[in-house]
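Summary of the model geometry
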Amino acid sequence: MMLSNLFSFSLLLVSALHLWAIPAVAQPQDPGGRITIVPLPKEISEVNGVLQLAGMAMTVALPDSLNDRLPVLQHDAYQLHQRAVHPVNSDALITFTIDKGLTGDGYVLTIGERITINGANGDALMHGWTSLLQLIRESDGGGELPQCTIRDWPSLDYRGVLLDVAREFQSVPSVKQVIDICRWYKIKYLQLHLNDDQLFVFPTTAFPDMPTPGKNYSLAEMKELVEYARLRGVVIVPEFDAPGHTGSLRRAYPELFGAEELRMLDVANPETMEACKTLIGEMMDVFYTSPYFHIGADEVFMGEFKKRPATAKAVKAHGFDEPHDLYLNYIVEMHRYVKSRGKKTLMWESFQGNGSEKVKIPTDILVFAWETMYQRPDDLIKNGYTILNASWKPIYITPSLRWTTEQIYRWNIWRWEHFLNIAPAWEPIQFGPEDQQKVVGVQLCAWEMTEEMNIPAILPRVPPLSEHGWDPHGTRDYDAFSKRMTSTTSKLEQLLFPAEIHKAGLTYGRAHERFYNRENYFTDTLTLTISSRLPGMDIRYTTNGEVPLPNDRKWDRPLHITNTTTLRVGLYKAGQLVSYKSEVLEKRPITIHLSGAHVDPESPRDGSADFRESLRVSVKPLRAVHAIKYTWNGEKPTMASPDFKAEMTFNESGFLHIQCFDVAGYPDGSGYMYTLKKIK
């Protein structure tokens, strides 16, 4: 499920699972502000004491089943506090214990003169460890902890984030950072969108010509990501999105999957159906930790498919009524195969009712309710389906549209909203208590973004989502949450990239939650210096969009950037990549102001504007600019394009592209692209 352009509805969806049968628990009060944990634990028994960590060796006693996670503990402690973690058999500072008396992913963290973490399983113990890390407060003596007992458990098992790696390819280090964000905020499931019209990134061996050249993962990389996530308590859920969103398959094997102009898989062909099962089987083998498989099934455009004689023949052979039954049959067949492999099927909201007269969609499929265009979430429940909330607004993130941390925090998982007035959820759909038990999960979806976009966009939006998924009945206090999030974000940033990049010459200098990357705009020259917060790090970097390797350029002096650049920095120790950061530094020598645009203050969109009568576009140079050119047809401007006047008026819809040029005729900074739409 995905976005085709700014005006296509997209699919945001959610993966789903079990809702614990627990009573609502009021979140505890923390008047001292010492419990800096996100999501906030359900039960806190706080005492007045403080455990000083100065002079104490960070020794840990682990159950045998957790020994493989020792490197994670060691990495965390060093990245955050430059402390070494040593395993011991007894008299440890921190003792981890599997407690079968606890259920689900529940844990108990006790901080007294020593620290104990009891958990129902290994993942629960990692939750307790993460809470401990979030609690540590720096002090002159080397850190301190509030002495307390925390009993905690998630209300929803399915707490998810979706990462689209098939519209814009994401490097392995970048995907690992998203896993780190999920783990830090106790998000259990990371769904990877592995195919689309643009790319096929999964390393299938059954169809060797299918992976997109230069933009796919190796089998070793996929397995590495699965293991990296497992050790941190995160499960990667694979998505094979079909029969729509399959241009990459049809370009590679048109004779098997259908011609490219078909716009969907040839689900009338039995060989196509078997090939899809083969691909799903390969994915299940790699993503073995996931109890779920996502079959996609959204946004299928059947116009060309319906016209073919072969389609009519297949409809008759199956005894169906119409070609749409073949699409529904695809869902049924793939679900049957997923079940045969011992997994549960996830899919996007993409059908009406319960199917058709001849083909019924099984009610044991878990449905992500996202845009409400196909079917309202309350209707899905009436038709017998269990659902997950992936509401377009406010838990969808795209390059041009996203909502703030506060907007997500003040939302709830039984509510659907949409920014388009043609969607049923334009008028918010809010569930009452009688239907809430049928919502078994929540998922934030990040679509169509480059890896430079993803981390800054995901990082501030996962924390409020995690509070909703961990305890949907909890009381909400945004000011208190914001203070906790400030603390956890600072520590997470240290985990992700323990270095400082200092930038001189920025235009704005700070992030804006709604719009992408304005904190990295500059007008002329940007001077960068970098310093590691950890000793002994070898800093390497590239400016060509590639992940830096140990033999790439060494950062040993200030770097001067004079045009838009993709900067990727790696921190290496003993030849191993420890941390990674990727940013786009955008030269923007002018500012653009739109007058007459109709902007919904709750749903601003970067790079687009709606207007009713006319739209005035004015340009203000921030420094001397040789030439400013524009086009109205979406093509890139050249020096031969028309000059953009200081102010211009537009009366029709179009695609406005503005570009500055230097005296030699080369582009001077990034282009400015706007989709302008005249509305009634």
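In what follows, the structure referred to is the one given above.
Owing to the predicted nature of the structure, the values given are computational and were not obtained by experimental measurement.

**A look at the pattern of salt bridges**
Where charged atoms from two side chains of opposite charge come close, those side chains can pair. Enumeration over the complete set of coordinates arrives at 39 salt bridges. Across the salt bridge formed by Asp-123 and Arg-69, the nearest N and O atoms sit 3.1 Å from each other. With Asp-123 in helix H2 (residues 122–135) and Arg-69 in the loop between strand E2 (58–61) and helix H1 (70–81), this residue pair connects regions lying 54 residues apart in the sequence. By relative accessible area, Arg-69 is classed as buried at 7%. Each of Asp-164, Arg-167, Asp-196 and Glu-448 takes part in a single network of salt bridges with overlapping partners.

**Description of the nonpolar core**
Core analysis: the biggest nonpolar cluster contains 147 residues, and Ile-94, Phe-96, Ile-115, Trp-129, Phe-240, Phe-257 and Phe-287 have the highest contact counts within it. Within the second largest apolar cluster, 22 residues are counted, among which are Tyr-189, Leu-366, Tyr-396 and Leu-420.

**Re the sheet that holds strand E3 (residues 85–87)**
The strand order E1-E7-E5-E6-E4-E2-E3 describes an open sheet built from 7 strands, whose pairing is mixed. Single-partner strands in this sheet number two, and they are strand E1 (43–52) and E3. Across the sheet, the axes of successive neighbouring strands diverge by a mean angle of 20°, strand direction being ignored. Here 5 bridges tie strand E5 (residues 107–111) to strand E7 (residues 144–152), and the two strands are oriented antiparallel to one another. Bridge pairing in E7 links Thr-110 to Thr-149. Sheet strands touched by H2: E2, strand E4 (94–98), E5, strand E6 (115–119) and E7. Its angle to E5, the strand with the most contacts, is close to 35°.

**Observations regarding unusual backbone geometry**
In this structure, Pro-39 follows Val-38 across a cis peptide bond, with omega equal to 0°. When you line up the elements, Pro-39 lands in the segment before E1. At His-245, a residue that is not glycine, the phi angle is positive and equals roughly 55°. Structurally, His-245 can be placed in the loop between strand E10 (235–242) and helix H5 (247–252). Unusually for a residue other than glycine, Glu-299 sits at a positive phi of about 45°.

**A look at the packing of helix H3 (residues 172–184) against helix H14 (residues 451–458)**
The contact between H3 and H14 brings their axes to 10 Å, and the two run at 10°. As far as their axial angle goes, H14 and H3 are roughly parallel. In this structure, H3 uses Ser-174, Gln-177, Val-178 and Ile-181 to contact H14, whose residues at the interface are Glu-451, Ile-455 and Ile-458. Here the contact of H3 with H14 is composed, by residue class, of 4 nonpolar, 2 polar and 1 charged.

Analysis parameters
- Residues numbered from 1 in each chain as written.
- Predicted model: local features only at pLDDT ≥ 70, side-chain atom pairs only at ≥ 80, totals over all residues.
- Heavy atoms only, no water.
- Salt bridge = Lys/Arg side-chain N within 4 Å of Asp/Glu carboxyl O.
- Helix = DSSP H or I, 4+ residues; strand = E, 2+ residues; numbered from the N terminus.
- Buried < 20%, exposed > 50% of the residue type's maximum accessible area, 1.4 Å probe, protein only.
- Core = buried A, V, L, I, M, F, W, Y, C linked by side-chain atoms within 4.5 Å.
- Pairing = 2+ DSSP bridges.
- Axes fitted to C-alpha atoms, helices over the stretch in contact; angles between N-to-C directions.
- Contact = heavy atoms within 4.5 Å.
- Parallel < 35°, antiparallel > 145°, perpendicular 65-115°, else oblique.
- Nonpolar A, V, L, I, M, F, W, Y, C, P; charged D, E, K, R; others polar.

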